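Understanding the architecture of this molecule
Each chain, letter by letter, is given below.
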Amino acid sequence: MYQVTAKGPPATAPEIRQKIGPLVFQPEEVAANVAIELLAPQEMGTPRTLRGRITFGLELLQQEVTAIKQDTTTIHPGNGVMILGPGAAAKTTTAEYLKESLRYMEHRPTSELFGNKQYRARISPYSSDEEKAAVLWEEYIYASIRGAFTMQKKLETMPKPLSADFIAIGGLLQTLVGLCAFTKTYEIDKESGQISLPEPLFMLIIVNLKTWSPRFFVVMDSDKQTRVERAKAQAETSPVAWTKRQMVFEHDEIIRSLLISTLQRLQTFFLENPRPAEKSHFIDRKLPFHFLYFPTNSSVYSIPRGFRLIHTQLELQQYIQDHQNHRALEDYLARISDTLND
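Residues numbered from 1 in each chain as written. Predicted model: local features only at pLDDT ≥ 70, side-chain atom pairs only at ≥ 80, totals over all residues. Heavy atoms only, no water.

1. A word on unusual backbone geometry
- Backbone geometry places Ala 88, a non-glycine residue, at a positive phi of 55°.
- The topology assignment puts Ala 88 in the loop between strand S2 (81-84) and helix H4 (91-101).
- Although it is not a glycine, Ala 90 adopts a positive phi angle of roughly 75°.
- Tracing the backbone through its elements, the reader meets Ala 90 in the loop between S2 and H4.
- For Ala 90, a relative accessible area of 17% gives the class buried. (Helix = DSSP H or I, 4+ residues; strand = E, 2+ residues; numbered from the N terminus. Buried < 20%, exposed > 50% of the residue type's maximum accessible area, 1.4 Å probe, protein only.)

2. Concerning helix H2 (residues 27-39)
- The terminal C-alpha atoms of H2 lie 18 Å apart, and with 13 residues this matches the ideal 18 Å at 1.5 Å per residue to within 8%.
- Considered for burial, the residues of H2 that qualify are Pro 27, Val 30, Ala 31, Ala 32, Val 34, Ala 35 and Ile 36.
- Buried-residue contacts for H2 involve helix H3 (50-70), helix H6 (129-157) and helix H8 (199-208). (Expected span 1.5 Å × (residues − 1). Contact = heavy atoms within 4.5 Å.)

3. Considerations on the sheet that holds S2
- Overall, parallel pairing links the 6 strands, which are arranged S3-S5-S2-S8-S9-S10 in an open sheet. Whereas interior strands pair on both sides, the edge strands pair on one side only; in this sheet they are strand S3 (106-107) and strand S10 (308-309).
- Strand direction decides the pairing type here: S2 and strand S5 (residues 166-169), joined by 3 bridges, are parallel. Looking at the pairing, Ile 83 lines up with Ile 169 of S5. (Pairing = 2+ DSSP bridges.)

4. Concerning helix H12 (residues 313-323)
- Regarding H12, the residues found buried are Leu 316, Gln 317, Tyr 319 and Ile 320. All buried residues of H12 project into a common sector of 165° when viewed along the axis, lining one side. Along H12, exposed side chains directed more than 90 degrees from the buried face belong to Leu 314 and Asp 322. (Arc of directions from axis to C-beta.)

5. Some details on the packing of aromatic side chains
- Evaluated as defined, the whole model comprises 10 aromatic pairs.
- When the ring of Phe 269 is compared with that of Phe 270, the centres are 5.1 Å apart and the planes differ by 75°; the resulting orientation is edge-to-face.
- Classification of Phe 270 by relative accessible area gives buried; the value is 3%.
- Judged by centre distance (5.9 Å) and plane angle (65°), the rings of Phe 291 and Phe 307 are edge-to-face. Within this pair, whereas Phe 291 is found in strand S9 (residues 290-295), its partner Phe 307 is found in the loop between S9 and S10, the two being separated by 16 residues in sequence. Here Phe 291 and Phe 307 have matching classes, each one buried.
- Linked through ring pairs, Phe 217, Phe 269, Phe 270, Phe 289, Phe 291 and Phe 307 together constitute an aromatic cluster.
- Above the face of the Phe 56 ring, Arg 48 is positioned so that its terminal group lies 4.0 Å from the ring centre.
- Over the ring of Phe 202 we find Arg 265; its NZ or CZ atom is 4.1 Å from the centre of that ring. (Phe/Tyr/Trp six-rings, centres within 6.5 Å; stacked < 30°, edge-to-face > 60°. Lys NZ or Arg CZ within 6 Å of the ring centre and 35° of its normal.)

6. Considering the pattern of salt bridges
- The tally for this structure, following the rule as stated, stands at 15 salt bridges.
- Note that Glu 130 and Lys 19 form a salt bridge whose closest N and O atoms lie 3.1 Å from each other. On the criterion of sequence distance, the pair formed by Glu 130 in helix H6 and Lys 19 in helix H1 (residues 14-24) is long-range, its members being 111 residues apart.
- Since its relative accessible area comes to 31%, Glu 130 is described here as partly exposed. (Salt bridge = Lys/Arg side-chain N within 4 Å of Asp/Glu carboxyl O.)

7. A look at the nonpolar core
- Residues Trp 137, Phe 217, Leu 263 and Leu 266 are the most contacted members of the largest nonpolar core, which totals 69 residues.
- Here the element with the most residues in this core is H6; it accounts for 10 residues.
- Formed by 20 residues, the second largest nonpolar core is a distinct cluster that contains Ala 89, Ala 95, Leu 98 and Phe 294. (Core = buried A, V, L, I, M, F, W, Y, C linked by side-chain atoms within 4.5 Å.)

8. A word on the side chain of Asp 165
- Within the element layout of this structure, Asp 165 appears in the loop between H6 and S5.
- Look at Asp 165: it is buried, it has no salt bridge, and the nearest opposite charge is Lys 160 at 4.6 Å.
- Among the polar contacts made by the side chain of Asp 165, one reaches the side chain of Trp 212 at a distance of 3.0 Å.
- Ignoring sequence-local partners within four residues, the contact set of Asp 165 consists of Gly 78, Asn 79, Gly 80, Met 105, Glu 106, Lys 160 and Trp 212. (Lys, Arg positive; Asp, Glu negative; His and termini not counted. Polar contact = N/O pair within 3.5 Å; in protein donor to acceptor, adjacent residues only side chain to side chain.)

Given below as structure tokens:
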């Protein structure tokens with residue numbers, strides 16, 4: 001046996017990856033395990049067969065989604081911003097701009113929130129290429145899910161700036177999208193041809209919004225050629241930056257489509273399950289999230305249904321500032337004013 005240590009997706013031939021994909025990434029099992037950890041951590045050590053564990057976890061997940069449908073106010077959008085998008089779409093650049101222009105907000109680099117992204121795998125030298133790839137992918141997927149989940153928990157527990165929140169990149173949603181794209185475990189609607197996340201993973205995203213719920217989902221975009229050139233330029237100072245993006249570019253269209261379709265499903269979920277009227281005195285019954293599409297050049301795709309088009313970083317900053325809830329800041333300033341007047 002020998003040990004392999006890595007950070008990004010394993011370098012695996014596409015034909016091998018497609019063959020082992022459904023074996024190393026099973027959406028039901030992933031969703032069930034995270035659901036148990038999130039909703040019933042006291043059950044983590046309970047011995048069960050794999051099927052029994054999956055059944056138990058999915059039942060927990062379904063019960064929680066049903067409860068959210070009955071009272072969507074259990075999800076409290078803060079003032080946070082989640083930036084998503086395909087590879088080298090200027091997500092980090094935009095996050096840094098917002099941090100500088102919205103000085104009451106914070107941005108923590110994704111690597112800091114995820115923690116150590118390294119994973120280790122023990123491999124037998126006698127294994128076949130498929131067996132070695134399967135071991136590596138299992139460890140990579142486990143590390144990715146754990147990292148994304150840890151990121152959400154950190155965002156929830158970190159002290160927040162007054163009346164503000166965090167600017168974050170990726171998170172659980174983009175991690176699940178990437179893993180489904182890499183392993184070809186997404187679903188395809190037979191009538192429309194649209195691809196989507198498997199239902200258990202979508203339910204997991206809904207439930208995880210109770211942990212940390214951004215007010216703004218910003219999808220950055222640009223044509224592929226521009227992003228590839230940008231990634232190669234960055235690779236001159238950091239070769240790893242290009243290596244980790246090669247597979248992302250290989251699945252470029254799938255990742256973009258999955259991101260958009262997942263966010264559109266979120267829109268539909270909350271439009272079909274509006275905020276209860278009896279609680280509307282302090283919570284707007286309208287859709288509690290803002291979905292923004294920000295292309296960084298003109299040769300991009302059509303504006304996705306349900307998204308607002310953003311043209312510049314300044315426009316994005318102004319829109320976020322105008323649509324945040326600044327009640328805590330206003331109350332704080334009012335108390336200071338009253339004190340000075342006394």
